Amino acid sequence: MRFDVITLFPEQFRILSGEGVVARALGSGIAELHLWNPRDFALGAHRRVDDRPYGGGPGMVMLFEPLAAAIAAARAASPGAQVAYLSPQGRTLDQQAMIDFASAPGWILLAGRYEGIDERLLASCIDQEWSIGDYVLSGGELPAMVVMDAVIRLLPGALGHERSACEDSHMNGLLDCPHFSRPEQIDGLRVPEVLLSGDHGAIARWRRQQALGRTWLRRPDLLAKMTLDNDEQQLLQDFIQARQA
Ligand SMILES: NC[C@H]1CCC[C@@H](CNc2ccc(C(N)=O)cn2)C1
């Protein structure tokens, strides 16, 4: 999958080519990253990318022309890719959104700075507006990297053997199950016996039950969106009764 990012701070994206799942995916061609700096598209002697807001007020606004030109260049280089602007005003993303994004041919991500971008860009050049949560950051670069990470790890081949045994948090709509490794006992705290049993069927059921139970306890809103089959309903009931015993 091709990612094109429009940013005044391309250096920030070096972190993705460091180590881990995303770096390996970029290195192996599972994903590719191209960076576009609006300053390279800024005209005139001073090559301005921002200016004062009409109507007054603090801060600066990113100018229309350099961003529109950078977006046009990215569109030409990435056929079929849609343009998504990262902002607190956007649609709040969740795991299902990332799953949907993973089937696109590519994405052009616009990372804003300052007080914002000229609003006319949203009407003329931008296809989607996304938020990674209800908080304000100093730039759209980290949200762009968050989206890239969440999407790239879903691409075929990106997660090798690391794919978690009981699926990830928020995969299949549930929170993650607990994880343990050696030693078997620390300060009197033991690993659940089932995980030492070698009974893979029982282990898989225990993990599913833990994911269901934790979601029931911590995120009933997520559970409300799910339809559990009879087996899952029984697992959850047993979890709840064991807690009340
Ligand atoms: N008016 C502030 C706004 C102006 C334009 C640039 C953005 C960059 N910062 C961001 C971007 C996205 C998110 C998010 N939640 O996805 C948070 N922060 C900030």
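The present account deals with the structure reproduced in this document. Every chain is numbered on its own, with residues counted from 1 as its sequence reads. Reporting in this predicted model follows two pLDDT cut-offs: at least 70 for local features of residues, and 80 or more for side-chain atom pairs to be given and counted; totals over whole chains, interfaces and linings ignore these cut-offs and use all residues. Computation of side-chain values covers all heavy atoms of the structure but excludes hydrogens and water.

**Focus on the packing of aromatic side chains**
What counts here: Between rings of Phe, Tyr and Trp, where Trp is taken as its six-membered ring, a pair exists when centres lie within 6.5 Å; planes separated by under 30 degrees are stacked, by over 60 edge-to-face, and by other angles tilted. Relative accessible area decides the class of each residue, using a 1.4 Å probe on protein chains only: under 20% of the type maximum gives buried, over 50% gives exposed, and in between gives partly exposed.
All told, the structure shown has four aromatic pairs when counted by the stated rule. With centroids separated by 5.1 Å and ring planes inclined at 65°, the aromatic side chains of Phe101 and Trp107 adopt a geometry described as edge-to-face. In this structure Phe101 comes out as buried when scored by relative accessible area, which is 4%. What makes Trp107 buried here is its relative accessible area of 6%. Ring centres 4.8 Å apart and planes at 65° place the aromatic pair Trp107 and Trp130 in the edge-to-face group.

**What about the site of the ligand?**
So the rule is basically this: Nearness here has a simple test: a residue counts as near a molecule or strand if at least one of its heavy atoms is within 4 Å of that partner. Here a polar contact is taken to be a pair of N or O atoms separated by no more than 3.5 Å, where protein atoms must pair a possible hydrogen donor with a possible acceptor and residues adjacent in sequence count only if both atoms sit in side chains. Here, Shrake-Rupley sampling with a 1.4 Å probe gives the accessible areas, and only protein chains in the shown set may cover a residue. Elements are defined by DSSP. Helices are runs of H or I of four residues or more, strands are runs of E of two residues or more, and each kind is numbered from the N terminus.
The ligand sits among 18 residues. The nearest are Tyr85, Ile132, Gly133, Tyr135 and Leu137. One of the backbone nitrogen or oxygen atoms of Glu115 is found 3.4 Å away from a nitrogen atom of the ligand. Between the ligand and Gly133 there is a distance of 2.8 Å, counted from a nitrogen atom to a backbone nitrogen or oxygen. In the complex, 90% of the free accessible area of the ligand, which totals 450 Å², lies under the protein chains. Among the elements that take part in the shell around the ligand, strand 5 (residues 82–92) stands out by supplying four residues, more than any other.

**A closer look at the pattern of salt bridges**
Oppositely charged side chains can form a pair if their charged atoms are brought close together. For clarity, the cut-off: We define a salt bridge as a side-chain nitrogen of Lys or Arg found within 4 Å of a carboxyl oxygen belonging to Asp or Glu.
The tally for this structure, following the rule as stated, stands at 12 salt bridges. Arg113 is paired through a salt bridge with Glu141; the nearest N and O atoms lie 2.9 Å apart. Of this pair, Arg113 sits in the loop between strand 6 (106–111) and helix 4 (120–124) while Glu141 sits in helix 5 (residues 141–152), and the two are 28 residues apart along the sequence. A relative accessible area of 14% places Arg113 in the buried class. Residue classification places Glu141 among the buried positions, given a relative accessible area of 0%. Measuring nitrogen to oxygen at the nearest pair gives 3.7 Å for the salt bridge that ties Arg190 to Glu184. A residue is classified by how much of its surface remains accessible, and Arg190, at 40% relative accessible area, is partly exposed. Put simply, Glu184, Arg190 and Glu193 are held in one network by salt bridges that share partners.

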